[in-house]
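Each chain, written out:
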Amino acid sequence: MEDTEFFDICEKEQTAATPFLEQEKDDDDSVTDQFWNVANEPKGHKIGEESEEDDKIKSKDASEGVGEDFDSSGESQECHVNSGNNNNNKTMKYADRVRILNLRRNLNQLDNIAKEKALTIAKAREELSACQLRIEMLTKERECTETKIEEEKEAGNTAAVFRLQAMHRRLCAELGNEKDLESKIALMLKENMYEMWQIEIEQGKFGSLREQLEQDEEELERQCKERAEQRIQKEKTVAQLAERKQQVGKKKETEAWEAYERRHQKVVDDAHRNHEKAAQFLKKSMSRIHQKEAKEELKTQEHMEKRMQAVLSLKNNITSNRETLRTLQLRDKAKALEAKKQEMKMRGNILAEGGDVTKEIFLHKQRVELERHKQEFTEQQKSRKTEIVARILQEEAYVEKQKKHQAWAEALRSQGKLQDSLRWRIKTWQYIENACEDPAATVLQKSWRTPSTFSLVDNKSSSVVDFSEKALKDTIHENDDEEASQTLAEPEFTGLWSQECNLYKMPKDETDPKPLGASKMERKIFTENLEKLRSGIIRKQVVSGREFKGCPFYSKPSLIHFKDFDVGKTYKKKIILINASYSVNFCKLVGVSEHLKDFINIHFDPPGQMSAGMSCEVVVTFKPMINEVLEGKVTFLAQNGSFSIPLKCTTKRCVLALDKELIDFGTHVVGETISRMIILTNRGALGTRFKLQTSAGDNGTCTTTAKSSLERMVSPALDGITSEEKASSSPVESSIYENKEQVSPVHTEEVTLHISLPESQKTESNLGSSHIEQFSQDALITEADLEAENAQSPAEPPPEEELIEITLGKVTEGEIGPFSSIELQIIFTPCVPGDVRAEFEITFDNPNCKPLHFCVIGVSVDVPVWVPNPNVDLKICMYDRLYQDCIIIRSRAKAALRLKFEVCKELSNHMELLPKTGYIQAQSSFSVQLKFLPRHSLPEDAGKYFDTETRVLEVPMTIKIADKFVEIQPSDGFGTLLPLERLNLDIIFKANKAKEYSFELTCKSEINRQFKLSCKAVGVHPPLELSHSLVKFAATALNDVSTATLYVINAHVSLNRFTHAVPRIGKGEIAPVGPTSFEFLVPEDSPVTIMPSVGTVLPGKKCLIQVYFRPVLSEQLIREEAVQMLCRADAQRMMLKKIRESEMQKRKDETVAGKKDGKKPSFAAFRQPLRVRNSKYAAASSGFEPPKPEEIKTNSEEYIAAQYSLIRNFTGKFERYIIPCFVASGDIDEKRGSENLKYSPYNTLYLELHCPAVAPSVVVTSNNGKNIINFGEVAVGHRIIERVTIQNISQEQLALGFSILNPNGPFLLISPVGTLEPGENQFLFISFCPNESKLFFETLDIRSIKATLTLSITGHGVAPSIACSVEGEVLDMGYVIAKEKVTSTFKIQNTSTLPLRYSIKLESLSQTRDKEQQRLPFFITSPPGRTDFVGTQNYSGLSVFNIFPVEGGIEPRKSQDFTVTFSPDHESLYYSDCLKVVLFGKEIARVIWLKGAARNHMMFVEGGDPLDVPVESLAITSPMSEEAAKGELEEPAKPLLLSLEYIQAESSGTPAVRELKIGAIRTAQFASKKNVEFSLDNLPLLQQKGFTIEPVKGTVDRGQIKCISVSWVPPADFDPDHPLMVAAVLTLKGDIKESYKVLFTARVVCT
């Protein structure tokens, strides 16, 4: 009963910290049972039959004492009992030491249990006292409450009584709970006290055992000291022997050194004698060498003369090639013109015949292309035939040459050998040539060639010829060498050639700069320190396997900037250096830039070691002596590299800027006066004087001229947009002010051509300038020539009268101080209808300040009526007060007009114009009364017209001229018609509503003649309308995108034509109310995209439309430019060739005839190849045929170079598009896939787009100029960095900004660039680290002040995955004989789509293995599971498990075989290691536990519960010899524990079953024994206890395993409170006989 109680106590307190004998299962039950069996065996049943067999040697006290320990055999127990009597002087065996350690651990555990139990009792007592205190408090509160209840009842306070009764019930409940808790705590305390008494009783029982254990521990310590003394004695003996060996070695070394000195002296003497003999012969040989060098020098001079002649001929060829280039260009233009004429003629014929023009033209082009392909194929076949014939002839010539060479070689062999003296001389000459040869003389000089696009063909052909000649020469030299080696015998003089000895070389030890008399270790240390000193004490910083890269210190601020300094003053700045590395670092000041040392002084105290994140201070003192801008850097040296901080000193300067570069007055009526202000700001510390004036090249731009009717006829007309449309233009139109020129739709093509023509000319000149090093400047047509030609064109007639419309204010010049600003006034007074533009310039007295320019534009509209004072200022007003003013309207018309006055809807309740309708007589004035009564709701009603901050109200008022829907332009229908003159007039009609119009126009002359013109029109009200009909895009760079937003509105919600205007065509049917569809028809090759282009709008709704403008270069233009560049390169090459030929001819003529009279030809003569008259000659002299533009491929070098050149030289382009929008009633989604919607062309809406394109400021120069960065497939969790090169191709410094990438995305911009200087290249580093397996796409915008460059970044994250053939996580190598090997193979397959780089790592070879071995073993620390997978290792230090291969790569869908070799060098059952498959050096993809066991004998037993630790002792015990083994007693049986648990259910139970495995190792040793026999005794007792064992005996062949099945069913007399324990002996017979004592334990477990 006591056993069970102690077991329950241990289980309840959970204090079984460590299982006995370090078994891996953390089973508290088995721990306490085993301990109780060890401590109280006399109270239970006996373990086995050993107590009866050992009665003679056991005493009575021993049988009633401690008993047998559960992990020791009977023999160990007997040794322990008799150890106090007769084992004091004997050395303790390993089993005794283990027994002592186990007993000490068990006693310590019992003491710990007692301490914990005492702590539990103390806590229980505290809780009991606290509970009793709470009970007393609750009792007092209850009594107090009862008293209050009685008092309140007497007082008759019912509410208080109910409240107190509820409180009384709560207190009673709490009191009951506390009493229950008190009883529970008291019961638990009683139980714990009882358990504590039992533990103290048990501790008293082990008193004698403690005394005996202390004696054994003292004896063990004494024996350890004795063994330590013996080891010290042995070490002293070994040290004496080593000292003697060292003395003998030194003596031998001295003798060897003396012998070496003698041999060295002999070698030196021999070398002197040989040198004297060779000197006599070398004098004669050197004279021959000098003669040979003189001949080679003469050949070199001749070769240089030939090269000079080649250069002159190349110069002549360039001259002729220029003529060819001009001819080819004219021929191409003529061909293109002729082709265009033919195409137009064909179009006319096809149209006349009524055919399909597009189809016929397409078929014609296909036929022409087919003919061209046929001709090319025929020419290719001919060239191939010619090439085949040439190869056949070449092979025949080569065969003939080989035959001749063989005949010549045979003839040489037949002549016999040369004379001996001649052979000696030849061999000696070859030796001298090899010894005295100059390597630089053997280098072949490359022939100079003119760099051109087509020089590659010549290089290839010449290289083939050189290769063939070189190969032939090498063949001849090889034959000569072979013959020489056969014929040469011995040299003429015997010396160094005949003696087999080497020249003396100075030993390395003598040349090394090492201290004399130092040891080998001291020399090594000295060498390492010297290398560190030479390398600048710079080394890599690696922390936790990660190397630090980058700047080791960060500075705050990052730039040391002294701004606006004065000479003679002293300035100081403090900067902070922060250690940004991974660990401790140092910092040392190196110095400043050389040119700053006279002005900059650095005060820096080295702080010594600085931890990561720490900082130090540096003081920089600047004392300027000169007034100049200084730039440099301050350099520091850290432990892992140097770094520098930029330093900049700037003088005082003027930083002038305008708040705007364009003043847009907008549209105003003739006769008004408007003013605008522009602000000039000086952000610098230096003032200057300014002057505002018109630009020098702006002659006449700021004035308009009154022209005659003839001149007005040819001027560009308005594009049909009236003043009302312009006044109601969208914010998109008003914000985009880069191009305000309005062009008539009739003249669109003409204007576009006129704008793009200078671009092409500019492009050609710029492309030519890119090859300025190859072309001659005088041989090109400059822009000045073009301007001269343009100047010869007839000039326009001078203006008759100048009316200045844009003028300056009062302030046009003055002084602007530092950090100040000045407002300048610009006045616009429109006089003549039309566009007005003026350029102004602000100049400064300071020569370092560049002039500032700004532009002023405005539009004058000639409206019949106008307001002299367009602005009405009511000053400060108050709510609910009436304010009035008078507005004067004047008319310049020659007839009466009906006017209508309107106020915006928002202010209809606050403001009105009286009268609302009126008539103004011809050329008179009209007065309108303005009434303004502001109410308190004005801020909410006014909306955008009211500024809540300034409380200012600005409201537009509209004056409409009723019934004016026809305009006559130009000049409103007035003009002068000269005799025989024809005048074209434009009749502009604008319908106000949907109806049919019929009216007459009357033209009157000064002689009162009238001409009537009948006009008819139909007004159309479309079902849909556009929010904006005109979109003006901002100036957009190439490959950039500009976006505009507009709406398609469906305002048709009712068919009632009396309340509002309804959509209809004239007087036709009203459009149905319902969904209405639209479609924008965008030209195919236009840079405009409309999204969505097709859609449906419901009644009363609107659809958002996005219009994108992305200007790009057309492929045809790029191909044509590529052809032109090829032609220019060929022309250059031919021109240079002709120049050289002419110069060579000139030299020859001067040499033959001498100098003649006359002028030398000027260099201008070389300009002749570019003129038209010599183009035929140039074309005839050049054999180059330029490719067709269609043949240029988009990925070729020519295409990329042409695209890059066009982008760099792009000057700008303006295009105008009118996009039709077709409208149809119905839902497009319902008709999709069936019939189309019916539409009327009269309901078409038109969207006008103004698209100006400019050159980009930043371009991508890497990746062939592509803006797409494709990372491809990247493994998840791994990072790849791509470098992108960007260049500033503008003429200004650009400040760059970058859009924000997704912070949670895989893309990261590592190194953003702040500024780009003109022409500067910078690198952007973008990394890609996917976190999941999918496609990623983001865009990075590089923004500058002029344009935005968009980079498209894409990448595909792929999760690396592998499949391993090893099932589970363990690869068991099985049993093997010690010092033998066994191999196993497993396979790993790459199941992902990207190549995998793998490496195989063993845990036993890891760098952290030494640190992990310093920790306590897992069986002591008792973790929840085993974490150390590295078990027993070899004594030799070699790895137990070897893997091959250890690293490599696996292609996608491929596999790799791995071989594991298990080679133990001693016996152990716990060989293990952990194999890790690491991908890309980071990710652990698979972990495999390698296991194996080694035996010295061929049999093994496997199974049962573990009884020992899987960690070996550090001591290596040598195996006992046979004689010693015979002298000792027979080896005791090895313990084996087999525990069985019978599971008892409610109705039936499950028998407990376990297995033991008997195996025989397959080996070549132990040939006399082929199998293993086993047998198990004590079978009757086992059967009596309920055990069933099959088989009991048998044999096992080599390489086989047999299982012994053990099952147990509890017998009828089994007591569940006492576990069953039975012992039996298992005997194995193989090469030796082994015995295992098997201890069967059984118990019943209830479920």
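Residues numbered from 1 in each chain as written. Predicted model: local features only at pLDDT ≥ 70, side-chain atom pairs only at ≥ 80, totals over all residues. Heavy atoms only, no water.

J.: Explanation requested: the overall build of the chain in the structure shown.
T.: When its secondary structure is counted, the chain shows 28 helices and 75 strands. Here the chain holds 1647 residues, and the buried ones make up 34% of them. Here the analysis covers contacts within the chain between residues at least 6 apart in sequence; of these, 74% occur between residues at least 24 apart. Counting only carbon and sulfur atoms, one obtains 52% of the accessible surface of the chain, whose full area is about 104,000 Å². (Helix = DSSP H or I, 4+ residues; strand = E, 2+ residues; numbered from the N terminus. Buried < 20%, exposed > 50% of the residue type's maximum accessible area, 1.4 Å probe, protein only. Contact = heavy atoms within 4.5 Å. Areas by Shrake-Rupley, 256 points an atom, 1.4 Å probe, with all protein chains shown as cover.)

J.: Sorry if this is basic, but what is going on with the packing of aromatic side chains here?
T.: Here a ring pair, both rings aromatic, is described through the centre-centre distance and the interplanar angle of the planes. If you walk through the whole model with that rule in mind, you get 30 aromatic pairs. When the centroid spacing of 5.5 Å and the interplanar angle of 15 degrees are considered together, the rings of Phe636 and Phe643 count as stacked. We classify Phe636 as buried; its relative accessible area is 0%. With centroids separated by 6.0 Å and ring planes inclined at 10 degrees, the aromatic side chains of Phe901 and Phe926 adopt a geometry described as stacked. (Phe/Tyr/Trp six-rings, centres within 6.5 Å; stacked < 30°, edge-to-face > 60°.)

J.: I tried to follow the confidence of the model for the chain on my own but got confused; where do I start?
T.: Caution applies to low-pLDDT parts of the model: their predicted coordinates are not meant to be read in detail. Model confidence for the chain is summarised by a mean pLDDT of 76, while 75% of its residues fall at 70 or above. Confidence drops under pLDDT 50 across residues 1-89; counting only partners more than four residues distant or on other chains, this segment forms 147 contacts. Counted against residues more than four places away or in other chains, residues 1514-1529, with its pLDDT under 50, gives three contacts. (pLDDT = per-residue confidence, 0-100.)

J.: Explanation requested: a nonpolar patch on the surface in the structure shown.
T.: Side chains of Ile1281, Leu1308, Ile1310, Phe1323 and Phe1325 sit close together on the surface and give an oily, nonpolar patch of about 420 Å² of accessible area. Its location among the elements puts Ile1310 in the loop between strand 52 (1307-1309) and strand 53 (1315-1316). For Ile1310, a relative accessible area of 41% corresponds to the partly exposed category. (Patch = residues over 30% accessible without salt bridge, like charges linked within 9 Å, V, L, I, M, F, W, Y side chains within 5 Å. Salt bridge = Lys/Arg side-chain N within 4 Å of Asp/Glu carboxyl O.)

J.: Would you explain the packing of helix 7 (residues 94-155) against helix 9 (residues 207-353) in this entry?
T.: The geometry of a pair of packed helices is captured by two quantities: the angle between their axes and the separation between those axes. Their axes nearest at 10 Å, the elements helix 7 and helix 9 cross at an angle of 135 degrees. Considering their axes alone, helix 7 and helix 9 lie oblique with respect to each other. In this structure, helix 7 crosses over helix 9, and the sense of that crossing is left-handed. Counted together, Arg97, Arg99, Ile100, Leu103, Arg104, Leu107 and Asp111 of helix 7 and Leu209, Arg210, Leu213, Glu214, Asp216, Glu217 and Leu220 of helix 9 form the full contact between these two elements. Split by residue class, the contact of helix 7 with helix 9 holds six nonpolar, no polar and eight charged. (Axes fitted to C-alpha atoms, helices over the stretch in contact; angles between N-to-C directions. Parallel < 35°, antiparallel > 145°, perpendicular 65-115°, else oblique. Left-handed = near helix turned anticlockwise from the far one by under 90°. Nonpolar A, V, L, I, M, F, W, Y, C, P; charged D, E, K, R; others polar.)

J.: Quick question: what am I supposed to make of the sheet that holds strand 20 (residues 834-844) here?
T.: Each strand in a sheet pairs with its neighbour through backbone hydrogen bonds, running either in the same direction (parallel) or in the opposite one (antiparallel). On the basis of which strands lie adjacent, the open sheet formed by five strands has the order 12-21-20-14-18 and mixed pairing. Each edge of the open sheet is held by one strand with a lone partner, namely strand 12 (662-669) and strand 18 (813-816). Along the sheet, successive strands turn relative to each other by an average axial angle of 20 degrees, direction set aside. Both strand 20 and strand 21 (residues 852-861) contribute to a ladder of nine bridges, which runs antiparallel. Across the sheet, residue Glu839 finds its bridge partner in strand 21, namely Cys855. (Pairing = 2+ DSSP bridges.)

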